[in-house]
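Here is what each chain is made of, one letter per residue.
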Amino acid sequence: MSVERIPIGSDHAGYELKEKLKVALSGLGFDVEDVGTHSAASTDYADYAHPVAREVETGQARRGVLICGTGLGMSYAANRHPHVRAAVVWSREVAALSRQHNDANVLVLPARFVSDEEGVAILKTWLETPFEGGRHERRIEKIEREEEQ
Ligand code: RB5
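Presented here is a report on the structure given in the accompanying data block.

What counts as what
- Residues numbered from 1 in each chain as written.
- Predicted model: local features only at pLDDT ≥ 70, side-chain atom pairs only at ≥ 80, totals over all residues.
- Heavy atoms only, no water.
- Helix = DSSP H or I, 4+ residues; strand = E, 2+ residues; numbered from the N terminus.
- Rg over C-alpha atoms; globule rule 2.2 N^0.38 Å.
- Buried < 20%, exposed > 50% of the residue type's maximum accessible area, 1.4 Å probe, protein only.
- Areas by Shrake-Rupley, 256 points an atom, 1.4 Å probe, with all protein chains shown as cover.
- Lys, Arg positive; Asp, Glu negative; His and termini not counted.
- Charge placed at Lys NZ, Arg CZ, Asp CG, Glu CD.
- Pairing = 2+ DSSP bridges.
- Right-handed = clockwise from strand over helix to strand, strands pointing away.
- Axes fitted to C-alpha atoms, helices over the stretch in contact; angles between N-to-C directions.
- Parallel < 35°, antiparallel > 145°, perpendicular 65-115°, else oblique.
- Left-handed = near helix turned anticlockwise from the far one by under 90°.
- Contact = heavy atoms within 4.5 Å.
- Nonpolar A, V, L, I, M, F, W, Y, C, P; charged D, E, K, R; others polar.
- Patch = residues over 30% accessible without salt bridge, like charges linked within 9 Å, V, L, I, M, F, W, Y side chains within 5 Å.
- Salt bridge = Lys/Arg side-chain N within 4 Å of Asp/Glu carboxyl O.
- Near = heavy atom within 4 Å.
- Polar contact = N/O pair within 3.5 Å; in protein donor to acceptor, adjacent residues only side chain to side chain.

Here we take up the overall build of the protein chain. Of regular secondary structure, the protein chain possesses 6 helices and 5 strands. N-terminal to C-terminal, the α/β element order of the protein chain is β-α-β-α-β-α-β-α-β-α-α. Relative to the globule expectation of 15 Å for 149 residues, the C-alpha radius of gyration of the protein chain, 14 Å, shows essentially globular dimensions. Along the longest, intermediate and shortest principal axes, the C-alpha atoms of the protein chain span 45 × 30 × 30 Å. Put simply, the protein chain has 149 residues, and 47% of those count as buried. Accessible area of the protein chain: about 7,900 Å², with a carbon and sulfur share of 49%. Charge separation in the protein chain, taken as the distance between the mean sites of 18 positive and 24 negative side-chain charges, equals 4 Å.

Of all 6 residues making up strand β1 (residues 5-10), 5 are buried, and the element is well covered by its neighbours. Alignment of β1 against strand β2 (residues 31-34), held across 4 bridges, turns out to be parallel. Across the sheet, residue I8 finds its bridge partner in β2, namely D34. Running through helix α1 (residues 15-27), the crossover from β1 to the neighbouring parallel element β2 is right-handed. With 3 bridges joining them, β1 and strand β3 (residues 64-68) adopt parallel strand pairing. Bridge pairing in β3 links I8 to V65.

Moving on, we get to the packing of helix α4 (residues 92-100) against helix α5 (residues 116-128). At a minimum axis separation of 8 Å, α4 and α5 run at an interaxial angle of 25°. Accordingly, the angle class assigned to the pair α4 and α5 is roughly parallel. Crossing hand, α4 versus α5: right-handed. Touching R92, A95, A96, S98 and R99 of α4 are A121, I122, T125 and W126, all from α5. Here the residues of the contact of α4 with α5 sort into 5 nonpolar, 2 polar and 2 charged.

Turning our attention to a positive patch on the surface. A cluster of basic side chains, namely R135, R138, R139 and K142, defines a positive patch on the protein surface. In this structure, R138 sits in helix α6 (residues 135-143).

Taken together, D11, H12, A13, Y45, C68, G69, T70, L72, G73 and R112 form the complete shell of residues around the ligand. Between the ligand and D11, the relevant distance is 2.6 Å, taken from an oxygen atom to a side-chain nitrogen or oxygen of the residue. Between R112 and the ligand, the recorded distance is 3.2 Å, taken from a side-chain N or O atom to an oxygen atom. Considering the ligand on its own, with 300 Å² of exposed area, one finds that the protein chains cover 73% of that surface.

Shown next as structure tokens:
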């Protein structure tokens, strides 16, 4: 079985946590693709959200990870992409629910509101929690069929 490649990106506010998450992902055996940013210098979150979301949209990657200060800017940009469900997650419980109920395929972390340790724990929970399917399948399908409502 081939190693799963996970694209990851952050702005300056998420840079330090991104570096910690990269170590965790490598330790778990994933192939990490860092789309930037590569320093703590001020930058714009959308420049990193779109490349990660595009990979998930096109199926080049199954899952992706984004980090900014609140998680909000990254989620706004990523969720403009069809088939992308980017979830801002601030606890392990929300991480599990974002997978079980929402089949989130992009994890967005708010670096200014979680510690590095919490961020790594959230990432691990998110990666290992499966989608429950069932009634949640129907609800997810409706997200992309808004014009029919
Ligand atoms: C950067 O200061 C901050 O605005 C950004 O990281 C993010 O929180 C935006 O949503």
